[in-house]
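# Coordinates in review
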Amino acid sequence: MAPHHHLTWLADNVAWFEAIPDDRLTVPVPACPGWAVVDVVNHLSFGLGLGYPVAMAKPPDTAADRAFAGLVVPSKPPSGRAAATTFRANLHHCLTRFRATDPTTPCWTYAGPGTAAFWFRRAAIETTLHRFDVEEALEGRAGPLAADRTADAIIETVEFALPLAADIVGSPELAVTVTSPDVGLELSLGPGTPRARITAEGQRTLAALWGRHPDRVTVTGDPAAAEAWLSLVEAAFAGR
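Attention in this report is confined to the structure presented alongside it. (Residues numbered from 1 in each chain as written. Predicted model: local features only at pLDDT ≥ 70, side-chain atom pairs only at ≥ 80, totals over all residues. Heavy atoms only, no water.)

A count of helices and strands for the chain gives nine helices and six strands. A globule of 240 residues ought to have a C-alpha radius of gyration of about 18 Å, and the chain, at 18 Å, matches this closely. If one aligns the C-alpha atoms of the chain with their principal axes, the spans along those axes are about 50 × 45 × 30 Å. Each of the 240 residues in the chain was classed as buried or not, and the buried ones make up 48%. Long-range pairs, those at least 24 residues apart, make up 64% of the contacts in the chain between residues at least 6 apart in sequence. Carbon and sulfur atoms make up 56% of the accessible area of the chain, which amounts to about 10,700 Å² in all. (Helix = DSSP H or I, 4+ residues; strand = E, 2+ residues; numbered from the N terminus. Rg over C-alpha atoms; globule rule 2.2 N^0.38 Å. Buried < 20%, exposed > 50% of the residue type's maximum accessible area, 1.4 Å probe, protein only. Contact = heavy atoms within 4.5 Å. Areas by Shrake-Rupley, 256 points an atom, 1.4 Å probe, with all protein chains shown as cover.)

Under the defined criterion, the tally for this structure stands at 12 aromatic pairs. With a centroid separation of 5.0 Å and 85° between ring planes, the pair formed by F118 and W119 is classed as edge-to-face. You can call W119 buried: its relative accessible area is 0%. The rings of Y52, W108, Y110, F118, W119 and F160 are connected pair by pair, giving a single aromatic cluster. (Phe/Tyr/Trp six-rings, centres within 6.5 Å; stacked < 30°, edge-to-face > 60°.)

Moving on, we come to helix α5 (residues 117-139). For the α-helix, the turn length of 3.6 residues means that residues three or four positions removed from each other point alike. Helix length check: α5 (23 residues) gives 32 Å between terminal C-alpha atoms against 33 Å at 1.5 Å per residue, within 8%. Positive backbone phi, at 90°, marks G140, one or two positions downstream of α5. (Expected span 1.5 Å × (residues − 1).)

All right, on to the sheet that holds strand β4 (residues 185-189) then. Working definition: the strands of a sheet are paired by backbone hydrogen bonds and lie parallel or antiparallel to each other. Strand order in the open sheet formed by four strands is β4-β3-β5-β6, and the pairing between neighbours is mixed. Edge positions in the open sheet fall to β4 and β6 (218-221), since each of these has one partner strand only. The mean inter-strand angle of the sheet, taken between neighbouring strand axes irrespective of direction, is 20°. The pairing of strand β3 (residues 175-180) with β4 spans five bridges and is classified as antiparallel. The residue bridging S180 from the neighbouring strand is L185, located in β4. (Pairing = 2+ DSSP bridges. Axes fitted to C-alpha atoms, helices over the stretch in contact; angles between N-to-C directions.)

In the sheet, strand β1 (residues 106-109) pairs with strand β2 (residues 112-115) via four bridges, with the strands oriented antiparallel. The residue of β2 that forms the bridge with W108 is P113. Connecting β1 to the antiparallel partner β2 that follows it, the hairpin turn spans two residues.

Residues F17, V37, F98 and W119 are the most contacted members of the largest nonpolar core, which totals 73 residues. The element that contributes the greatest number of residues to this core is α5, accounting for 10 residues. Other than its neighbours up to four places away in sequence, V37 contacts I20, R24, L25, V27, V29, V134 and L138. (Core = buried A, V, L, I, M, F, W, Y, C linked by side-chain atoms within 4.5 Å.)

This next bit is on the pairing of β4. The alternating pattern of β4 places L185, L187 and L189 on a buried face and E186 and S188 on a face that is not buried. Counting the residues between successive antiparallel strands, the hairpin from β3 to β4 contains four residues, one of them, G184, with a positive phi of roughly 70°.

Here we take up the pattern of salt bridges. Tallying each qualifying case throughout the model produces 11 salt bridges. One salt bridge in this structure joins D22 and R81, with 2.2 Å as the shortest N-O distance. Placement of the pair is D22 in the loop between α1 (3-18) and α2 (37-48) and R81 in helix α4 (residues 80-99), with a sequence separation of 59 residues. By relative accessible area, which is 34% here, D22 ends up partly exposed. Residue classification places R81 among the partly exposed residues on the basis of a relative accessible area of 39%. Note that D222 and R195 form a salt bridge whose closest N and O atoms lie 3.9 Å from each other. Here the residue D222 occupies a position in the loop between β6 and α8 (223-230), and R195 occupies one in strand β5 (residues 194-199), the gap between them amounting to 27 residues. What emerges from the salt-bridge pattern is a single network uniting R122, E126 and E156. (Salt bridge = Lys/Arg side-chain N within 4 Å of Asp/Glu carboxyl O.)

In structure tokens form, the structure reads like this:
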């Protein structure tokens, strides 16, 4: 997927979050234990809305830090209307910075030296995952995600996010195959010969790889191999 498509995808998600009514911000989000909708909004507002443009500005050889240089971050997270207003300001700041940046600009990324396009894609996918979380909390189920976006998010998860998580907590010893026929994907995860296969329609596969509803995928082969990968996000990132 091209970088400008990632920016359109991100803008779609930002607009969805902006439309959440104020009186729904206190609803608990089961996928993020201990959080309400407002906590997800603040997480995206500061960690992504402010943090990603700063990280994108770092040269490729910069040490892996996320200092909010020159940005004002409140000592106490905002609530209610203030949280929604801050989200709008920070995410539009992020979108403006992204749109003004050539996607081929060299920069530091979580995966090492890369380009600004990494952050466009990462922002689109992170807001999607948390949109799933909040949609389930507010509406009982996550809305459908387009096949091209689903496939792109699964590929990024397999090629970047789960290997990063494995670097943090230790790589699972057994490889698996990830299969989602509806979006045309069959991917290998981990070194060596796959010992298990994880199969589901794409959106369920994406959610499960990020620790959401792993019971909604089908596992064949060694269940321990699949479990090691399906539990990795929770171990590395506290599920978030």
